[in-house]
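Here is what each chain is made of, one letter per residue.
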Amino acid sequence: MSDVLLVAGVVPQPGILTTAVQRLREAGARVYLVGAVDPDEMPADVRLDGLCALPADIAKATPTRAAARAVPGERVWTRIRREPWARERARTADVLVALDAHAIYTVWRMAQRNRAAAARYGIQAAVQALAERKAAPAPSPLQRLTNGIPSTTVVRQSVNRLINAAPRAAVNAVTARPIMRSKAGTKLWLTAVRAPKVPDSLRTKVAHQVAKGMAWADRPEGEAAILAATAGKLRKPAARARMLGEAASRELKAGMPPRDLEGAVNALLSVADQRHRADENQAAADLLNRAMTLAFDRVLHIDQLTSPLAEDPEGFIAPFQRSLAATTVATPRGRLLPAAPPPTDRPLRLLIATSANDNFLKLIRSYYDAHPRVEVRFLDLAANAAIKSVTWAPKQMLQHRLSADETPYGAKAEERLRPYLDWADTVFVDWCVAPAALFTLVDPGTTRIIVRLHSYEALSRWPHMVDFSRIDDLVFVAEHIKDLTTSLVPFLKGPDAPRMHVLDNAMDLRGFQIDKPAEARFQLGMVGISQVAKDPRWAIQVLRLLRQRDDRYRMLLVGGDMSPDVSVASREYLEAFNRDLRELEATGAVRRLGPTNEVPKVLSDIGVIISSSVREGCHCGLMEGAASGAIPVVRDWPFFAGRPNSARTLYPQGWVIGSPEEAVERILATTATEETWRAAGRDASAYALREWDWSVVQHRFDKLLLGDPQG
């Protein structure tokens, strides 16, 4: 005879309980019950062999703070596990049965201690388990809760009832943390979501419920695996593409590069192309937007020390260049009239536009505000509510570019930009992001359009949403950024591409010429550590190696820390960086200054300025440090190292080094004596002022804007 232990998370209905016990006894079992039971309401004809009655509210009771945070299934287990009678019966039972969803977690925990028992949800499954025991006494792995989760058979049989009848209880019961943290649990849920003959709607519901459980258990890799496995079984291409996109998105949210990013992007683009061919451009825009959002997520390109765009830019962008929808968006529409030349009978009307980031415009604005041949207006698209609403609207932009006809969004963009375009002779758009896409969405008339691309934009989606045929001049801050951008945007290599220029950022470097005290010779410095791309851990490695040779060297870190809230990848880097600094800060070898508005004053104490970045446009902080007379030590930025243009072509020979060991040797050589250090600093300062000071660069801007080499 077999022993069956019934577990109730909530009070069972009397009639159902009577029938359940009767069926089990007819199958030849002794029947025991533990859980939420009211003895006074028990039917007289229930023939139990043992009972442990607990309060009816055990799924809700929160006797401790920890229990208050637990889900109902965990609360039931916490209460039942305290009963010696229940523990003894669980150890000796042949079949463990959850009578309701809240009891499943308890049955799973009992099954971890009694591996020989079959664990089931529901009476029908329990009766079947008794029959199987008679036919084959040794239960198979899928006949019990195998090392972490109800059997695949049980899941498949019960999932419809669970999801439709009690979704919250189902999630609480079958996706509790210990189950979801178990590798076996993940494996068997993968089997469950791949089960045959399950409707797409139900399969999708189950996948999302299980994914929530995985997220709750802090298992993003399991969450993505469940969604990807589900996608493989969905019949409709659109549903499959969206599910693959969700899987990749969950991994990115957790700070991990997706295992199948290419598969997700290709699937989304394929369905976007189908929708575009069917003239369903709203759906096509949504799918294309999802593909772009995944492919250009900051976790892949901004918050890592490398990027697929650095390793193989043409290969990474290839799926978009094969996509009908993406190439339609990138198709040049041209302008009806050429841009007019600068006026000769009045000042040039110059509109300077950006969106919430004018960091590199202040000197340019102040110069042209005072210029007798220029009339300036400034437009911050983020500060103008009417224009902001049409600026950062990627799905609407995509739908407009996909449509052969005019769209309401296009008409709205035209209406809100036209007054500015009609006034301006020239529009200078700083940053090749959403404002650049917006200004090229409408025909500019005879207004000249200039766009400046710094560095980060090349790693974003925005250059692939800009109509470069409506840009007259495209400005880069360095040759290596120009190389990367033109490798990603085919139009820029064609005969109709805009004129391309390389202009240094506007910097007043003469204000950085400051006398340094002798002790600054041993002070290394970094200005700006707020991004993973700055890779300050590399500079810390240089300091450690240097102090092994001479412990007089120290480091000053200037600027705010990177934000841990930007992404998981950024937070993980920051945590590792802080661990690096603990010992060094304790001994005074490293000091963090934080943000400051007095950079020239701070640089007076820095004798060696380090650029440890993995990528840069031109690295203004390094140039300012050089102007101050600090010795420049520039890592050969890995994103661009070995290419025709890189840090080695931007800076003088000797400034750029290939490893921390080379950095140490350069620092020791140039700071060997106070005389050698000051001489090298004077040379660096003279070079910086000669090449990058605004007094030099302003003439290049005058030539661009006014067509006048002398301003």
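Quantities reported herein were computed from a predicted structural model and do not represent experimental measurements.

Thresholds, definitions, all that
Residues numbered from 1 in each chain as written. Predicted model: local features only at pLDDT ≥ 70, side-chain atom pairs only at ≥ 80, totals over all residues. Heavy atoms only, no water. Buried < 20%, exposed > 50% of the residue type's maximum accessible area, 1.4 Å probe, protein only. Helix = DSSP H or I, 4+ residues; strand = E, 2+ residues; numbered from the N terminus. Contact = heavy atoms within 4.5 Å. Core = buried A, V, L, I, M, F, W, Y, C linked by side-chain atoms within 4.5 Å. Expected span 1.5 Å × (residues − 1). Pairing = 2+ DSSP bridges. Axes fitted to C-alpha atoms, helices over the stretch in contact; angles between N-to-C directions. Nonpolar A, V, L, I, M, F, W, Y, C, P; charged D, E, K, R; others polar.

Another aspect to go through is helix α31 (residues 660–670). Considered for burial, the residues of α31 that qualify are Pro660, Ala663, Val664, Arg666, Ile667, Leu668 and Thr670. The elements touched by buried residues of α31 are β12 (523–529), α26 (536–549), β15 (608–611), β16 (631–635), β17 (656–657) and α32 (674–692).

Right, let's get into the nonpolar core. By size, the foremost hydrophobic cluster in this structure holds 132 residues, and its most contacted members are Leu288, Phe320, Leu438, Phe439, Phe468, Tyr651 and Trp655. If sequence neighbours within four positions are ignored, Tyr651 has contacts with Cys618, His619, Leu622, Met623, Val634, Trp637, Val656 and Trp692. By size, the runner-up hydrophobic cluster in this structure holds 33 residues, among which are Phe577, Ala589, Ile631 and Ile667.

The end-to-end C-alpha distance of helix α15 (residues 281–295), which contains 15 residues, comes to 20 Å, matching closely the 21 Å that a straight helix rising 1.5 Å per residue would cover. α15 sits mainly inside the fold: eleven of its 15 residues count as buried. Listed in full, the buried residues belonging to α15 are Asn281, Ala284, Ala285, Asp286, Leu287, Leu288, Asn289, Ala291, Met292, Leu294 and Ala295. For α15, the elements touching its buried residues are α13 (237–253), α14 (261–277), α16 (298–301), α18 (313–322), α19 (324–330) and α22 (394–402).

Another aspect to go through is the sheet that holds strand β4 (residues 95–98). One open sheet accounts for five strands, arranged β3-β2-β1-β4-β5; its pairing is parallel. Across the chains shown, the open sheet's two edge strands, defined by having one partner strand only, are β3 (50–54) and β5 (118–121). Shown here is a sheet whose adjacent strand axes are inclined to one another by a mean of 15 degrees, direction ignored. As judged from the four bridges shared by strand β1 (residues 2–8) and β4, these two strands associate in the parallel manner. Paired with Val4 across the strands is Val95, a residue of β4.

Before going further, it helps to examine the packing of α18 against helix α25 (residues 479–488). Two elements in contact, α18 and α25, have axes separated by 9 Å at closest approach and are oriented at 35 degrees. Of α25, the residues touching α18 (which contributes Pro313, Glu314, Ile317 and Gln321) are Leu484, Ser487 and Leu488. Residue classes in the contact of α18 with α25 are distributed as four nonpolar, two polar and one charged.

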